Amino acid sequence: MELIFLGTSAGVPTRHRNMTSIVLNLQQPNSAQMWLFDCGEGTQHQFLRTAYHPGKLNKIFITHLHGDHLFGLPGLLCSRSMQGNPAPLTIYGPKGIREFVEMSLRLSGSWTDYPLTVEEISAGEVFDDGLFRVSAWPLEHPVECYGYRIEQHDKPGPLDAARLRADGVKAGPLFNQLKQGLTVTMPDGQVVNGRDYLGPSTPGVKLAIFGDTAPCPAALALARGVDLMVHETTLEHAMAEKANGRGHSTSVQAATLAQEAGVGRLIITHVSSRYDWHGCQRLLAECRAVFPACELAEDFSTFSLI
């Protein structure tokens, strides 16, 4: 899996930073699944500067309805339709996301030629497809806002084929079911439980992608123990009062949360337009003073999760 940042600016774009948008490329075998988290203005144009195509998106997660996280959505939906992509797409977001999508399409005389589903979420599990579980956690912002915790289910351990053969089980098509931990009846009538022949499972990857937020009680539970946490860092430590008053966090607050939650890595994004490259490096230094395993996302930064 990998994360690709299409936009990393807060509020308004800059010369070098577009509005918030993050691609999660699941890179699953026999699957072209790609998810998008938030869709700020210009997101579809940012796609053109990457090797990725919005037609491969099958899920879009919106953290909240502020424009810098949302205004790119109507254009992306319509362009995806004009490109003739028939694959279904599901959008998840807070109450109001359905009205926004339907009104944008209706008033602009637009439509989608692919199945489009819009699901309004609340706190708790968003979905579990057997491979991944996604849950939403309420954050502290002037409008309803969520962070998403994405948990990959543990992968079954390798099948011990040598031990199976030693126990008189002949190799064959049913080995594929045994690899899934299923109990199967062999052609000779022997009943074999695949779980008895599987090695230790491999823990799935866990990550937390925050929407805009001031420090809040749910943040710790959302981030606890994840391999990677993506968190906004709108302002520097000295501007904590201003940041928190507007529902945002500072560099030190994001890093402190990462430390307390025991995360593996922290990626900071959603940086105020007041900061140039040097200012962004100052924010990064403030974070690393508290939590060294921190990286700054820039537009088109790519981070591997495996």
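Please read these numbers as outputs of a predicted model, since none were measured by experiment. (Residues numbered from 1 in each chain as written. Predicted model: local features only at pLDDT ≥ 70, side-chain atom pairs only at ≥ 80, totals over all residues. Heavy atoms only, no water.)

### Looking at the state of the cysteines
Argument step 1. Here the structure, examined in full by the defined rule, presents zero disulfides.
Argument step 2. Here C78 stays free of any disulfide, with the sulfur of C39 as its closest cysteine sulfur at 11 Å.
Argument step 3. Between C294, a cysteine without a disulfide, and C287, which holds the nearest cysteine sulfur, the sulfur-to-sulfur distance is 4.3 Å.
Argument step 4. Note on C294: relative accessible area 2%, which makes it buried. (Disulfide = S-S within 2.5 Å. Buried < 20%, exposed > 50% of the residue type's maximum accessible area, 1.4 Å probe, protein only.)

### Some thoughts on helix α8 (residues 251–261)
Argument step 1. Residues of α8 that are buried: S251, V252, A254, A255, L257, A258 and A261.
Argument step 2. The secondary structure elements touched by the buried residues of α8 are α6 (217–223), β14 (228–232), β15 (265–269) and α9 (277–290). (Helix = DSSP H or I, 4+ residues; strand = E, 2+ residues; numbered from the N terminus. Contact = heavy atoms within 4.5 Å.)

### What to know about the pattern of salt bridges
Argument step 1. Across all of its chains, the model carries six salt bridges by this definition.
Argument step 2. Close ionic contact of E236 with R282 constitutes a salt bridge, the shortest N to O distance being 3.4 Å. Taken as a pair, E236 in the loop between β14 and α7 (240–245) and R282 in helix α9 lie far apart in primary sequence, 46 residues in all.
Argument step 3. In this structure, a network of salt bridges that share partners links the residues E125, R133, R149 and E151. (Salt bridge = Lys/Arg side-chain N within 4 Å of Asp/Glu carboxyl O.)

### A word on the sheet that holds strand β6 (residues 89–93)
Argument step 1. Ordered by their spatial adjacency, seven strands build an open sheet running β7-β6-β5-β4-β3-β1-β18, and the pairing between neighbours is mixed. At either end of the open sheet lies a strand with only one pairing partner, and these are β7 (116–120) and β18 (302–304). Between one strand axis and the next, the sheet turns through 20 degrees on average, direction left out of account.
Argument step 2. Where strand β3 (residues 21–25) and strand β4 (residues 34–37) come together, four bridges link them in antiparallel fashion. The residue of β4 that forms the bridge with N25 is M34.
Argument step 3. Packing of helix α3 (residues 97–107) onto the sheet brings it into contact with β6 and β7, and relative to β7 it is tilted by some 145 degrees. (Pairing = 2+ DSSP bridges. Axes fitted to C-alpha atoms, helices over the stretch in contact; angles between N-to-C directions.)

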